[in-house]
Amino acid sequence: MNKKEITINFVGITDYLRDKDIEIEHLRYENNKRYQEIQRLQNLIDKTTNYYLKTLDKNGSMPDEVVEMFNLLEGNKQ
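Numbering of residues begins from 1 in every chain and follows the order in which that chain's sequence is written. Selection of residues for local features in this predicted model requires a pLDDT of at least 70, selection of side-chain atom pairs for listing and counting requires 80 or more, and totals for whole chains, interfaces and linings are taken over all residues. With hydrogens and water stripped out, all remaining heavy atoms of the structure feed into the side-chain values.

**Here we look at the overall build of the chain**
Part 1: Put simply, DSSP H or I for four residues or longer makes a helix, DSSP E for two residues or longer makes a strand, and each gets a number counted from the N terminus. Looking only at helices and strands, the chain has two helices and zero strands in total.
Part 2: Restricting the calculation to C-alpha atoms gives the radius of gyration, and the globule rule supplies 2.2 Å times the number of residues raised to the power 0.38. Relative to a compact globule of 78 residues, whose C-alpha radius of gyration would be 12 Å, the chain shows 26 Å and is clearly more extended.
Part 3: Here the chain, with 78 residues, has 6% of them falling under the buried criterion.
Part 4: As displayed, the chain has an accessible area near 7200 Å², and 56% of this comes from carbon and sulfur atoms.
Part 5: Neither His nor the chain termini are counted; the positive set is Lys and Arg, and the negative set is Asp and Glu. A charge is said to be at NZ when it belongs to Lys, at CZ for Arg, at CG for Asp and at CD for Glu. Seen as two clouds, the 12 positive and the 14 negative side-chain charges of the chain have centres 6 Å apart. The rule is simple: take the accessible area with a 1.4 Å probe, protein chains only, and divide by the maximum for that residue type; under 20% is buried, over 50% is exposed, in between is partly exposed. Calculation of accessible area relied on Shrake-Rupley with a 1.4 Å probe; when residues are assessed, cover is drawn exclusively from the protein chains displayed.

Structure below.
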(Lines give C-alpha, C1' and ligand atoms only; values in the text may rest on other atoms or scores of the structure.)
Protein backbone atom coordinates (compact mmCIF):
# COMPACT_ATOMS: atom_id res chain seq x y z
CA MET A 1 0.00 0.00 0.00
CA ASN A 2 1.21 3.43 -0.78
CA LYS A 3 0.71 6.51 1.35
CA LYS A 4 -2.36 7.68 -0.60
CA GLU A 5 -4.14 4.32 -0.17
CA ILE A 6 -3.38 4.32 3.56
CA THR A 7 -4.78 7.85 3.89
CA ILE A 8 -7.96 6.88 2.00
CA ASN A 9 -8.42 3.79 4.22
CA PHE A 10 -7.82 5.86 7.35
CA VAL A 11 -10.43 8.44 6.25
CA GLY A 12 -12.89 5.63 5.50
CA ILE A 13 -12.35 4.08 8.92
CA THR A 14 -12.70 7.47 10.60
CA ASP A 15 -15.97 8.16 8.76
CA TYR A 16 -17.27 4.72 9.71
CA LEU A 17 -16.43 5.27 13.39
CA ARG A 18 -18.06 8.72 13.34
CA ASP A 19 -21.22 7.20 11.86
CA LYS A 20 -21.22 4.50 14.57
CA ASP A 21 -20.78 7.16 17.28
CA ILE A 22 -23.82 9.01 15.92
CA GLU A 23 -25.79 5.75 15.82
CA ILE A 24 -24.78 4.91 19.40
CA GLU A 25 -25.77 8.38 20.60
CA HIS A 26 -29.16 8.06 18.92
CA LEU A 27 -29.74 4.64 20.51
CA ARG A 28 -28.68 6.02 23.91
CA TYR A 29 -31.20 8.85 23.52
CA GLU A 30 -34.00 6.45 22.54
CA ASN A 31 -33.12 4.12 25.41
CA ASN A 32 -33.19 7.03 27.86
CA LYS A 33 -36.67 8.07 26.66
CA ARG A 34 -37.94 4.51 27.15
CA TYR A 35 -36.32 4.31 30.59
CA GLN A 36 -37.99 7.56 31.66
CA GLU A 37 -41.38 6.31 30.42
CA ILE A 38 -40.91 3.03 32.31
CA GLN A 39 -40.02 4.99 35.46
CA ARG A 40 -43.09 7.21 35.06
CA LEU A 41 -45.37 4.19 34.66
CA GLN A 42 -43.72 2.40 37.58
CA ASN A 43 -44.31 5.46 39.77
CA LEU A 44 -47.98 5.46 38.78
CA ILE A 45 -48.24 1.78 39.65
CA ASP A 46 -46.51 2.37 42.99
CA LYS A 47 -48.80 5.29 43.88
CA THR A 48 -51.88 3.30 42.90
CA THR A 49 -50.71 0.28 44.87
CA ASN A 50 -50.02 2.36 47.97
CA TYR A 51 -53.42 4.02 47.72
CA TYR A 52 -55.10 0.65 47.23
CA LEU A 53 -53.34 -0.88 50.23
CA LYS A 54 -54.02 2.12 52.50
CA THR A 55 -57.70 2.13 51.55
CA LEU A 56 -57.93 -1.62 52.01
CA ASP A 57 -56.31 -1.32 55.45
CA LYS A 58 -58.63 1.52 56.44
CA ASN A 59 -61.89 0.02 55.17
CA GLY A 60 -61.12 -3.67 55.45
CA SER A 61 -62.42 -4.34 51.93
CA MET A 62 -62.60 -2.85 48.46
CA PRO A 63 -65.38 -2.77 45.87
CA ASP A 64 -65.07 -5.53 43.26
CA GLU A 65 -64.41 -2.99 40.50
CA VAL A 66 -61.43 -1.59 42.34
CA VAL A 67 -60.01 -5.07 42.95
CA GLU A 68 -60.42 -5.87 39.25
CA MET A 69 -58.72 -2.59 38.24
CA PHE A 70 -55.84 -3.30 40.60
CA ASN A 71 -55.40 -6.81 39.21
CA LEU A 72 -55.35 -5.41 35.67
CA LEU A 73 -52.81 -2.80 36.68
CA GLU A 74 -50.56 -5.36 38.34
CA GLY A 75 -50.82 -7.69 35.35
CA ASN A 76 -52.57 -10.42 37.28
CA LYS A 77 -55.40 -10.38 34.77
CA GLN A 78 -55.44 -9.86 31.01
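**Some words on the environment of Gly-12**
Part 1: On the secondary structure map, Gly-12 appears in helix 1 (residues 3-59).
Part 2: When its relative accessible area of 37% is taken as the criterion, Gly-12 is described as partly exposed.
Part 3: Measuring from C-alpha to C-alpha, the distance between Gly-12 and Gln-39 comes to 40 Å, with 27 residues separating the pair along the chain.

**Observations concerning the packing of helix 1 against helix 2 (residues 64-74)**
Part 1: Helix 2 packs onto helix 1 with a crossing angle of 150° between their chain directions and a minimal axis gap of 11 Å. What the angle tells us is that helix 1 and helix 2 run roughly antiparallel. For the pair helix 1 and helix 2, the sense of crossing is left-handed. Packed against helix 1, whose contacting residues are Ile-45, Thr-48, Thr-49 and Tyr-52, the element helix 2 presents Val-66, Val-67, Phe-70, Leu-73 and Glu-74 at the interface.
Part 2: Looking at side-chain class alone, the contact of helix 1 with helix 2 contains six nonpolar, two polar and one charged residues. Lines fitted to C-alpha atoms define the axes, with helix axes restricted to the stretch in contact, and inter-axis angles between N-to-C directions lie between 0 and 180 degrees. When describing relative orientation, an angle under 35 degrees is termed roughly parallel and one over 145 degrees roughly antiparallel, while 65 to 115 degrees is termed roughly perpendicular and anything else oblique. Take the far helix as the reference: if the near one is turned anticlockwise from it by less than a right angle, the crossing is left-handed, and if turned clockwise, right-handed. By definition, residues are in contact when any of their heavy atoms lie within 4.5 Å. When residues are sorted by character, Ala, Val, Leu, Ile, Met, Phe, Trp, Tyr, Cys and Pro go into the nonpolar class, Asp, Glu, Lys and Arg into the charged class, and all the rest, Gly among them, into the polar class.

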